[in-house]
Amino acid sequence: MSDNVDSYKMRVENLSMYYENFKALEDISLDFHREHITALIGPSGCGKSTLIRCLNRMNDIIEGSRVEGGITLDGVNIYDPGYDVISLRRRVGMVFQRPNPFPKSIYENVAYGPRLAGIKDREKLDSIVEESLKKAALWDEVKKNLRESGQRLSGGQQQRLCIARVIAVQPEVILFDEPCSAIDPISTQKIEDLMAELKKNYTIVIVTHNMQQAARVSDYTAFMLVQEQGEAGRIVEFGDTDTIFTKPSDKRTENYITGRFG
Amino acid sequence: MDSRRADRIATTVFWAVGLITLGILLFIILEIFGRGLITALSPSFFAGKPEAREAGGGIWPMIASSVYLAVLTMLISLPIAVGAAIYLAEFSREGRLNRFIRFCLDSLSTLPSIVFGIFGMTIFVIKFRWSYCLLAGACTLALLTLPILLRSTEESLRQVPLTYREASMSLGASRWTTVRKVVMPTAMPGIISGTILPVGRIMGEAAAIIYTTGLFVRTIPKSPFDPAAPLAGYIWYAQTEAMVPDYRRIVNGGAAMLLILVFLINFAARRLAKYYSKRKSLGG
């Protein structure tokens, strides 16, 4: 693992996160390496989804949520007052647990982000849409019916459409929040292959329930846990994926990955 | 009693209750059409001018008044309702102001329509010196329909899945852009169907317009400031005040016509809502 600070795209520093008076995350520190995949694993309710949603400030939507500590993107704290959340979300894209294409055509789904950015030129949009769908490995399946509703696609195709929609915004980081939990194994395979391809150009963070998936796709893994019911989620162990899965240093990590709980 | 038998009894009871509802509706429709359909469908009646003293008058200006009134009311009421619904569903935080707004809406929706009528007369007809006119009626009915319209619009907005909003915002859209580009288009069919009830209410409202639009006109209103005579009010007027000998015919025919109008509007709104949802699934 390189210690060169510049190799970190995002850093979480002593982050605690609250919903009203409930502390959901406590003292999280974590680094995300450029152009690598980092997996967040842990049992349900350990705060891994909450954590990933801090990285693009999606938790801001929830009333009464607040954070202590900070998260930097290229060295700048994204929780600084006055930080432009809209530009943050363009730079840090997100793929959700359930495929959530808009009730619009395939084309309009992908063009949504670029249109928001003010791109109106038809040819330019056409080429962004084609390029993004190709990168999401969906182009060949949909190129003949770009005008059809995105919601008519299969679950796995919808998820790849959502990935294309994110790519179209040209983000630097892509967050995957349990992207395969609602789709079939063959589509899961496709999405995993896709992630391996995407990490050449993007910094990727994935939350997953599935330990095999974390082991297959990620370079680094963080194991999170809620010690006692009602307490905040914490990081138990963080390191490169091989080490976490072959010789974890914490007993609880070992118990979890060998399937003794969770 | 074993559960299968209980199930059968319950099924029968619910089926019977459903049938009773259907029966009541059918009875009303058949009764009204039975009395008035032949009159209502004769061109000299629905396309003719009303008479003040002689028999044989028509109701054409009344039909036009009703339709104009519904359109004008919606033009006033819908933007306010949609705006307020967007505020309540998308922007407001649960708090004292929010609760107060809801309290006002609930109070407004339980007020008897005659109260709206008197209020409308006091404010629009007298204070604003508009006299009896379409606009005075439309403003009054806008107040009356606002709570229903707002509720249904808010409901349609809330039915748009949260995941659409999340997706939009995660792509760098602001809350307002998300409302405009994703939430509103998705909620559109629901918002349109939500106008059916208030429009029906406007069509059938007599108490709130007696003192605001007027009750008898011989020509179609040409501007919002012209007096009008919506059908429901005219039916009441014909039954109680009119000096024409054939008032029974006017009342029966008018009632049948009113029913036809409401059915037509209902049908049109459904078609429009369907068109919107179809366009949406095709990806508009």
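Everything numeric here is computed off the predicted structure, so don't read it as measured data. (Residues numbered from 1 in each chain as written. Chains lettered and ligands numbered in written order. Predicted model: local features only at pLDDT ≥ 70, side-chain atom pairs only at ≥ 80, totals over all residues.)

**Q** Could you clarify how one ought to interpret the overall build of chain B in this entry?
**A** From N to C terminus, chain B includes 12 helices and zero strands. Of the regular secondary structure in chain B, the N- to C-terminal order runs α-α-α-α-α-α-α-α-α-α-α-α. Along the three orthogonal principal directions, the C-alpha set of chain B runs to about 70 × 65 × 40 Å. Looking at chain B as a whole, 38% of its 284 residues qualify as buried. The long-range share in chain B, meaning contacts at least 24 apart out of those at least 6 apart in sequence, stands at 74%. (Helix = DSSP H or I, 4+ residues; strand = E, 2+ residues; numbered from the N terminus. Buried ≥ 20, exposed ≤ 12 C-beta atoms within 10 Å, placed from the backbone. Contact = placed C-beta atoms within 7 Å.)

**Q** Sorry, what's going on with unusual backbone geometry here?
**A** The phi torsion of most residues other than glycine is negative, and most of the peptide bonds are trans. With a phi angle near 50°, Glu-35 of chain A is a residue other than glycine that sits in the positive phi range. Position of Glu-35 of chain A relative to the elements: it lies in the loop between β2 (22-33) and β3 (37-41).

**Q** I keep staring at the environment of Ala-55 of chain B and nothing clicks. Help me out?
**A** With respect to the helices, strands and loops of the structure, Ala-55 of chain B is situated in the loop between α2 (43-46) and α3 (60-91). For Ala-55 of chain B and Ile-250 of chain B, which are 195 residues apart along the polypeptide, the C-alpha to C-alpha distance reads 9.5 Å.

**Q** Help me out: how do you make sense of the interface of chain A and chain B in this one?
**A** Quoted interface sizes are often the accessible area lost when the parts come together. Each partner contributes to the interface: chain A provides 25 residues, whereas chain B provides 18 residues. Secondary-structure elements contributing two or more residues to the side of chain A that touches chain B are α2 (85-91), β6 (92-95) and α3 (106-116) of chain A. Residue contributions to the side of chain A that touches chain B peak at four residues, all from α3 of chain A.

**Q** Explain the pairing of β2 of chain A to me, please; I cannot follow it from the model alone.
**A** Moving residue by residue along a regular strand, the side chains alternate between the two faces of the sheet. Residues and elements named next belong to chain A. Two elements, strand β1 (residues 8-19) and β2, share eight bridges in a ladder whose sense is antiparallel. Within the sheet, the bridge partner assigned to Tyr-19 lies in β2 and is Phe-22. If you look at the hairpin formed by β1 and β2, you'll find two residues sitting between the two strands, and Glu-20 has a positive phi there, around 50°. (Pairing = 2+ DSSP bridges.)

**Q** Could you clarify how one ought to interpret helix α7 (residues 162-170) of chain B in this entry?
**A** Given 3.6 residues to a turn, an α-helix orients residues that are three or four positions apart in the same direction. When we look at burial in α7 of chain B, the residues that qualify are Arg-165, Ala-167, Ser-168, Met-169 and Ser-170 of chain B. Looking at the buried positions of α7 of chain B, the neighbouring elements they touch are α2 and β6 of chain A together with α8 (175-193) of chain B. Gly-172 of chain B occupies a position one or two residues after α7 of chain B and carries a positive phi of about 95°.

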